[in-house]
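Spelled out, the chains give:
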2 protein chains.
Amino acid sequence: MELDARKLQILQAIINDYIITAEPVGSRTVARKYGLGVSSATIRNEMSDLEELGYLEQPHTSAGRVPSDKAYRLYVDKLMRVRSLDDQEAEYIKDLYRDKIMQLEQVILQTAKVLSDITSYTSIALTPQLSKVVIRHIQLVPVDKDFALLVVVTSSGILKDTLIRIPEGIHNDFLNKVSNILNEQFQGKTFSEVDIKDLSPVQEVFAENQRFFNSLVDVLSSSFQESQKKEVLLGGTTNIFRFPEYQDILRARSFLSLMEEKDLLYQILASSQNNGVKVSIGTENPHEELRDYSIVTATYSLGDRVLGTIGVIGPTRMEYSRAISVMDHMGKSLSNYLTKLYGKQP
Amino acid sequence: MELDARKLQILQAIINDYIITAEPVGSRTVARKYGLGVSSATIRNEMSDLEELGYLEQPHTSAGRVPSDKAYRLYVDKLMRVRSLDDQEAEYIKDLYRDKIMQLEQVILQTAKVLSDITSYTSIALTPQLSKVVIRHIQLVPVDKDFALLVVVTSSGILKDTLIRIPEGIHNDFLNKVSNILNEQFQGKTFSEVDIKDLSPVQEVFAENQRFFNSLVDVLSSSFQESQKKEVLLGGTTNIFRFPEYQDILRARSFLSLMEEKDLLYQILASSQNNGVKVSIGTENPHEELRDYSIVTATYSLGDRVLGTIGVIGPTRMEYSRAISVMDHMGKSLSNYLTKLYGKQP
DNA sequence: TTTTAGCACTCAATAGAGAGGAGTGCTAAC
DNA sequence: GTTAGCACTCCTCTCTATTGAGTGCTAAAA
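Here is what the cut-offs are and how they apply
Residues numbered from 1 in each chain as written. Chains lettered and ligands numbered in written order. Predicted model: local features only at pLDDT ≥ 70, side-chain atom pairs only at ≥ 80, totals over all residues. Heavy atoms only, no water. Pairing = 2+ DSSP bridges. Helix = DSSP H or I, 4+ residues; strand = E, 2+ residues; numbered from the N terminus. Axes fitted to C-alpha atoms, helices over the stretch in contact; angles between N-to-C directions. Contact = heavy atoms within 4.5 Å. Domains from an automatic or database assignment. Expected span 1.5 Å × (residues − 1). Buried < 20%, exposed > 50% of the residue type's maximum accessible area, 1.4 Å probe, protein only. Near = heavy atom within 4 Å. Polar contact = N/O pair within 3.5 Å; in protein donor to acceptor, adjacent residues only side chain to side chain. Nonpolar A, V, L, I, M, F, W, Y, C, P; charged D, E, K, R; others polar.

Draft legend 1. Main features of the sheet that holds strand E7 (residues 232-235) of chain B. All names here are of chain B. Read from one edge of the open sheet, five strands run E7-E3-E10-E9-E8, paired in antiparallel fashion. The sheet terminates laterally at E7 and strand E8 (278-281), the two strands that pair on one side only. Neighbour-to-neighbour, the strand axes of the sheet open up by a mean angle of 20 degrees, direction not taken into account. Across the sheet, helix H10 (residues 262-270) is in contact with strand E3 (122-126), E7, strand E9 (293-302) and strand E10 (305-315); its angle to E3 comes to roughly 80 degrees.

Draft legend 2. Fine view of the domain arrangement of chain A. When cut into domains, chain A gives domain 1 (5-79), domain 2 (87-127 + 231-342) and domain 3 (131-228). Computed over C-alpha atoms, the centres of domain 1 of chain A and domain 3 of chain A are 63 Å apart.

Draft legend 3. Quick look at helix H6 (residues 104-119) of chain A. With 16 residues, H6(A) extends 23 Å between its outermost C-alpha atoms, agreeing within 8% with the 22 Å of an ideal straight helix rising 1.5 Å per residue. The complete set of buried residues in H6(A) reads Leu104(A), Val107(A), Ile108(A), Thr111(A), Ala112(A), Val114(A), Leu115(A), Ser116(A), Ile118(A) and Thr119(A).

Draft legend 4. Representation of the protein's contact with DNA strand C within the structure. Within the structure, DNA strand C sits among 21 residues, and Arg6(A), Thr42(A), Thr61(A), Ser62(A) and Ser27(B) are positioned closest to it. The contact in question runs from a phosphate oxygen of DNA strand C to an N or O atom on the side chain of Arg6(A), over 2.9 Å. Here a phosphate oxygen of DNA strand C and a side-chain polar atom of Thr42(A) are 2.5 Å apart. Those elements that provide at least two residues to the surface near DNA strand C are helix H3 (40-52) of chain A together with helix H3 (40-52) of chain B. With four residues, the top contributor of residues to the surface near DNA strand C is H3(A). For the surface near DNA strand C, the per-class residue count stands at four nonpolar, 13 polar and four charged.

Draft legend 5. Here's a closer look at the pairing of strand E5 (residues 147-154) of chain B. All names here are of chain B. Extensive coverage of E5 is indicated by the burial of eight of its eight residues. Burial of the side chains of E5 extends over both faces: Phe 147, Leu 149, Val 151 and Val 153 are buried on one face and Ala 148, Leu 150, Val 152 and Thr 154 on the other. Pairing of strand E4 (residues 135-142) with E5 involves seven bridges; the strand directions are antiparallel. Bridge pairing in E5 links Val 141 to Leu 149.

In C-alpha cells:
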C-alpha cells in the first residue's frame, strides 16, 4: 500500500499538531481543525492504516496517535516546506558577526548562545579540530625579567599562549633564537603531524639552560596535546524545561546529565563531518541514549576545510523546518565570518 | 528564657538529624536516636519552648520540627565543631595546584569544579577583579605580514591577547615603537586608572596609518572594558538533583534559572570582600531569591590584595561544618598558588 | 466501493473516601 | 520536673468510582 494524497495530508496534519501541542492527536481533532472534508470515522480508518504502515504510534488504546520517527523522517524529506528565516532572526545572526574580532573559541561560544536563543532548543558546538590546522607561527615574547609568553598562532587564529618562567640571565636575543628554531621545526605543519621529539637535535643550543629547554618542551607538548582535545560548548541547557514532555524530573535530569557527557556529545557531533545540514531523528541516532531526541547539525569551515560542527538538540517533535533553516543559515554565516577573518593561509 | 544545656543538646540533635535526612524531626526520634536519658514527652516540652524562641518551625501540626535559619546561625556560631578535611580531600586539593601553570581563568574554573566535586554542592567562583590589577606589559607581536598579536600582561598573569590586522607595509620596527609608546602610557597603571584618551597625543606618530591607530584604540578599549566585566563561573550545577527537597521540578528549575543569572550571582559573591570565610543562611541573605539557600564563601588573594571570591550554594540544611572547612582550605590554597606563581610585582 | 453515523469498549486521568501513621499537645499521675 | 496516656491533627497512601477522550467495529447511506 502506498501513501495516497489524503494519507499524506492527514499525516502532515497530525505531525503539525503534535509538534505544537505535544499531545496525542485524535481523529476528531484532525477532522475539525484541519478540515479535509471527511468525517472523523474516515480519518480514523486512514489513521489505522498509517499506524499499520509504521508512521503513527499509540501510547495506549484510548489515546490519540503520535508520529513515529519514520513519520518525522518522511516529514523532513518530503512533506515539510523549509521556512526561510524571518527578518528579525536573520538580523540577529548578522549582528553577531558584524565587525567583531573575537578569539576563535569566543566566536563559537557566542554562536552557541545565539543558536539556543533563536531556536529555544539546547545548542551544542564543537570547537575547531585543531589537529587539522596548520601552525603559522611560534614565538617567545619576553614579558619581564622572569616571564616570557609562548604564543602559538595557527591558520585559524591563536591557539594558545602560556606564561613560561625564564631562568636568570637569559637575553632577549636568545629568546629570539629559540623562537626561530621553533619556527623552523614546526611552521607549516599541522598539529597531528607535529612531534615534540623533533626538538631533540637542537637541545645543544640551550647549553647550560637545560631546565629552560625542559620546561619549554613541557609547555609545547601539553599545548599540542590540548589541541587534540575535544571541546564541546553548550548553550541554553535549561531550555529543555520549556517543553511539556520534560516537566518530569527524571527526564529533565537525564537530559541535563546527558549534556554533561562531553565525550558522548563530541562523538555525536564529530560523526557528521560531511558538509551541510544533517538531521538525526530519535532512533536513527546510533547512540542508545539519544533515542528520545532529535539533533540538527551543520558544519562550519575555514575556506573549504571543515573545522567543526554546531547543532541543536531537542525532543523528536522538533520544529524541523525552523531548526533546519536556522542551522543552515548559521553554519554558512559562521564559515563566512571565519574565512573572511582568517582568510587563505600561505 | 535562655537556652540551657539540654535545650542546646536537643537543638543540636534536631539539626544534625535534619541535615542528614531532610525530614522533619519528631520528639520520639530525638529520644531514641540521641539518647538524652529523658522521655519523648519531656523533649516535646523542650521542643515547644524552642519553637516559641524561634529556633524551630513546624511545617504543619502533625509533623516533626525543622530548624529555622536562626537555629542554623546558632549552630554555625556556637554548636558545630569544625571538622578538618580528611586526607583524601586535602590530597585532592593539593593535587589540583601541584606543579601546574595554568591561565588564570583556567585555575578558577578548575577550582570551581573541584569544589563542587568535594562538597557535592554547586560552586560559584568570581574571576579576578582585573580593575584592581596592574598592567605589567603591553606588546604588539608580529605574526605574519597581515596580523599582529596585541598582548596585555598584568600582575596576575595574562589578561588577554587579540589578533589585530596590520596594514600593508608596516615594519616590525614600527610595531616595536608602538609597543614602547603603549608601555609608556599604560605600564604600572591599574585598569580602573587607565584612560584610552591618553593615547591621543601620540596619534601623530602613526602618520599615514590612521586606520591602524583606530583599530588599535578599538581593541585596547574593548580589552580594558572587558577587564571590568563581571565573570562568574559555575561548577556542578546539577548537583542540586542530589537533594530530596529538589526532586520537585519547579524548585529544581528555579535553582537552575537562578544559576543563570550571572549578574545576581556576581552581586552575591562580590558583597563578601572581607578576607576569610563567610556564611549566609537563608533569609540572612539580602536577596529575596536566595531565601531558601545557604551560601558559604571564601576570598582568594594575590599577596595581600583580595582578587575574588569562591563559594558553594546549597539548601539551608547544609553540612556547614564540611562546607566551611573545605572553603577555608580552598581559599588559602588558591591564594598560595597564585601568590607563588605570580609573586610580588614591581 | 467508499464514506459515515452510531455505539460499545478501553484506558488514563482525576477526584473522593477511608485507613494508617507520625507526631503533637494536654492532662493527670509519679 | 518528668512521664505515661490519650485524643486530636493532618499528611500520605491506597482503593474505588467517575469522567472523558479516543478507538474499532458494524451497518447503513452515498
